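# Observations on chain architecture
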Amino acid sequence: MPVDTKAATDRLMRFLAVEGVTGQEAAIGRELTAALKEAGVPAKAIRLDDANTRIPVPTETGNLIVDLPGRGALHNQKRIMFMTHMDTVPLCAGAKPKKSGRKIVNEAKTALGGDNRCGCGVLVTLAAELEKQKLDHPPITLLFCVREESGLYGARHVKLDELGAPVMAFNYDGGAASNVVIGAVGADRWTVEIFGRASHAGVAPERGISSTMIMALALADVKAGGWFGKVVKGKQQGTSNVGPVTGGAGRPAGDATNVVTDYVHVRGESRSHDGKFFKEITKAYKAAFEKAAKKVTNAQGKSGKVKFKAETDYYPFRMKESLPVVKRAIEVVSAVGGTPNVRAANGGLDANWMVRHGIPTVTFGAGQNEAHTIDEWINLDEYDRACALAVQLATMR
């Protein structure tokens, strides 16, 4: 089944030109809706859900959902779903896509946004080719999620009854079209508030309790214990990182060099393919901060305090290769000329939440390279293969 690759690339260039960083997806949602209508999808089949009303951080719009009724000999088969996310990382703001041979590159010093405008291009191209070629296919749901890049929120908060009970799903995210991703890590996001006591650092430093010193001792303890970065404890493996360190609400930690810092806010994460082990990593951070707070005292013997909070961002999963969704994925990758690369991802995917919701989901790439960097580029050969793969998956008998 040939795919109109020129039209597919034109759509991708069109979507790349629309800004839509995580949490600000209204404009790209409108552009996708317009492109779907141009492809022949009736307006009544396209809608936005209200996931944004349940997402705990400001989000302009809900997930975009499209219902394609079955056609021909496959019209009464069980529903399947194709999904992607329509947000980009903030570094993509101001991107200027440009074709360069069989690549799309960026003329601006920003990330390009192939993650995940490529996925958007694949799904709209799928709808366009099914309509243009009048291909037989089962009922299909297309799902374009919001806020994937900032916590998989759209997939987490979608209502299952909005999806039409698909028996399997195919997600498009980063990398090569031949990647058959059947598992991914789980992760905690944690925050710690460190409460010290302010004092003049030159006149009476002994009266102060330094929140900065508590943080420094805690992180040194974490590092010494082997809990920072790549974490290996026997057969268990994971990763951790410390992210923003502030005084809260984006302010710097501390008011001045001549004042003992009385408050520090730290954010971090713990990841592992083992659902229990990333919790152990988080516990190690909590214990280190609590221990450090007791160590830093002032002349009156008073110590600092910490308030540690952790929340599971997403849960790890690993599907069996014997599942129908995996078998279908492997077969179709081979059918479009690829060599299936069955693997697990070390980052979170919308598929984490789909699997948690009970919908077995395989993730493919769509030509994205060097995502989340200013060196990002798109391989159009892989993008074309991803589009062909979607059509094959949708029409497989």
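Residues numbered from 1 in each chain as written. Predicted model: local features only at pLDDT ≥ 70, side-chain atom pairs only at ≥ 80, totals over all residues. Heavy atoms only, no water.

### A look at the sheet that holds strand β10 (residues 229-233)
Reading across the sheet, the five strands line up as β10-β11-β12-β9-β13 and stay open at both edges, with antiparallel pairing between neighbours. Both outer strands of the open sheet, β10 and β13 (305-314), are each paired with one neighbouring strand and no more. The average angle at which neighbouring strand axes cross in this sheet is 25 degrees, direction not considered. Looking at chain direction, strand β9 (residues 186-195) and strand β12 (residues 263-272) are connected through ten bridges and run antiparallel. In the sheet register, Ala-187 faces β12, and the bridge partner there is Arg-271. In the packing of helix α5 (residues 211-224) onto the sheet, contacts are made with β9, β11 (236-246), β12 and β13, and the angle to β12 comes to roughly 20 degrees. In the packing of helix α6 (residues 277-295) onto the sheet, contacts are made with β9, β10, β11, β12 and β13, and the angle to β13 comes to roughly 170 degrees. (Pairing = 2+ DSSP bridges. Helix = DSSP H or I, 4+ residues; strand = E, 2+ residues; numbered from the N terminus. Axes fitted to C-alpha atoms, helices over the stretch in contact; angles between N-to-C directions. Contact = heavy atoms within 4.5 Å.)

### Describing the packing of helix α2 (residues 26-38) against helix α3 (residues 114-132)
At their nearest, the axes of α2 and α3 sit 10 Å apart, and the two run at 25 degrees to each other. Compared by their axis directions, α2 and α3 come out roughly parallel. Judged by the sense of rotation from one axis to the other, the crossing of α2 with α3 is right-handed. For the pair α2 and α3, contact is made by Ile-28, Leu-32, Ala-35 and Leu-36 and by Arg-117, Cys-120, Val-124 and Ala-127, respectively. Residues that form the contact of α2 with α3 fall into these classes: seven nonpolar, no polar and one charged. (Parallel < 35°, antiparallel > 145°, perpendicular 65-115°, else oblique. Left-handed = near helix turned anticlockwise from the far one by under 90°. Nonpolar A, V, L, I, M, F, W, Y, C, P; charged D, E, K, R; others polar.)

### A look at the packing of helix α1 (residues 5-16) against helix α9 (residues 380-395)
Direction vectors running N to C along α1 and α9 enclose 110 degrees, while the axes themselves pass 10 Å from each other. Between α1 and α9, the angle is such that the two are roughly perpendicular. Contact residues: α1 offers Thr-5, Ala-8, Thr-9 and Leu-12, while α9 offers Leu-380, Tyr-383, Asp-384 and Cys-387. Here the residues of the contact of α1 with α9 are counted per class, giving five nonpolar, two polar and one charged.

### Some remarks on α3
Compared with the 27 Å implied by 1.5 Å per residue over 19 residues, the 25 Å span of α3 between its first and last C-alpha is a close match. With 17 of 19 residues buried, α3 is to be regarded as a mostly interior element. Backbone geometry just after α3 places Lys-134 at a positive phi near 55 degrees. (Expected span 1.5 Å × (residues − 1). Buried < 20%, exposed > 50% of the residue type's maximum accessible area, 1.4 Å probe, protein only.)

### Digging into the UniProt feature "domain: Peptidase M20 dimerisation" (unreviewed entry) in the protein
Under the local residue numbering, the UniProt record ascribes the feature "domain: Peptidase M20 dimerisation" (unreviewed entry) to residues 183-295. For residues 183-295, helix accounts for 29% and strand for 34%, while the C-alpha atoms at its two ends are 41 Å apart. (UniProt positions renumbered as here; feature names shortened; annotations may be inferred.)

### Thoughts on unusual backbone geometry
Both trends apply: most residues other than glycine have a negative phi, and most peptide bonds are in trans. Cis geometry marks the peptide bond from Asp-115 to Asn-116, where omega comes out at 15 degrees. Positionally, Asn-116 belongs in helix α3. Positive phi, close to 55 degrees, is recorded for Lys-134, a residue that is not glycine. The topology assignment puts Lys-134 in the loop between α3 and β6 (140-145). Despite not being glycine, Ala-165 has its phi angle at roughly 60 degrees, a positive value.

### Observations regarding the side chain of Arg-117
On the secondary structure map, Arg-117 appears in helix α3. It turns out Arg-117 is buried and unbridged, and the closest side chain with the opposite charge, Asp-87, is 6.7 Å from it. There is a polar contact of 3.0 Å between the side chain of Arg-117 and the backbone oxygen of Phe-15. In contact with Arg-117, other than residues within four places in its own chain, are Leu-12, Phe-15, Leu-16, Val-18, Glu-19, Gly-20, Ile-28, Met-86, Asp-87 and Thr-88. (Lys, Arg positive; Asp, Glu negative; His and termini not counted. Salt bridge = Lys/Arg side-chain N within 4 Å of Asp/Glu carboxyl O. Polar contact = N/O pair within 3.5 Å; in protein donor to acceptor, adjacent residues only side chain to side chain.)

### Description of the sheet that holds strand β5 (residues 103-106)
Here four strands make up an open sheet; going across it, the order is β4-β5-β18-β17 and the pairing antiparallel. Lying at the two open borders of the sheet, with one neighbouring strand each, are β4 (97-100) and β17 (368-369). Against the sheet, α9 touches β4, β5 and β18 (377-379), its axis set at about 55 degrees to β18.

### Concerning the packing of aromatic side chains
Applying the stated rule across the entire model yields ten aromatic pairs. Each ring, one from Tyr-315 and one from Trp-353, has its centre 5.9 Å from the other, and the planes form 85 degrees; the classification is edge-to-face. Remark: Trp-353 occurs in helix α8 (residues 350-356) and Tyr-315 occurs in the loop between β13 and β14 (317-318); sequence separation between them is 38 residues. The ring centre of Trp-377 lies 4.5 Å from the NZ or CZ of Lys-103, which sits over that ring. Taking NZ or CZ as reference, Lys-233 lies 4.5 Å from the ring centre of Trp-227, over its face. (Phe/Tyr/Trp six-rings, centres within 6.5 Å; stacked < 30°, edge-to-face > 60°. Lys NZ or Arg CZ within 6 Å of the ring centre and 35° of its normal.)

### Thoughts on the pairing of strand β7 (residues 168-173)
Among the six residues that make up β7, six are buried, leaving the element largely enclosed by the rest of the structure. Side chains of β7 alternate between two faces, with Met-168, Phe-170 and Tyr-172 and Ala-169, Asn-171 and Asp-173 buried alike. In terms of strand pairing, strand β3 (residues 80-85) meets β7 through four bridges, oriented parallel. Bridging across to β7, Met-83 finds its partner in Asn-171. In this sheet, strand β16 (residues 361-365) lies alongside β7 in parallel orientation, the contact comprising five bridges. Bridge pairing in β16 places Tyr-172 opposite Phe-364.

### A look at the domain arrangement of the protein
Along its sequence, the protein is organised into domain 1 (5-185 + 316-395) and domain 2 (186-314). Domain 1 and domain 2 are separated by 37 Å when their C-alpha centres are compared. Listed as interface residues are 14 residues of domain 1 and, on the opposing side, 13 residues of domain 2. Of all residues in domain 1, Arg-156, Val-185 and Pro-316 bury the most surface against domain 2, accounting for 51% of the area lost on that side. Across the contact surface, domain 1 and domain 2 share one salt bridge. For Glu-311, the salt bridge is made with Arg-156, and the minimal N-O distance between the two is 3.6 Å. At the level of elements, β15 (341-345) and α8 are the ones that each hand at least two residues to the side of domain 1 that touches domain 2. Partitioning the side of domain 1 that touches domain 2 into residue classes produces seven nonpolar, six polar and one charged. (Domains from an automatic or database assignment. Buried area = accessible area lost by both parts, 1.4 Å probe.)

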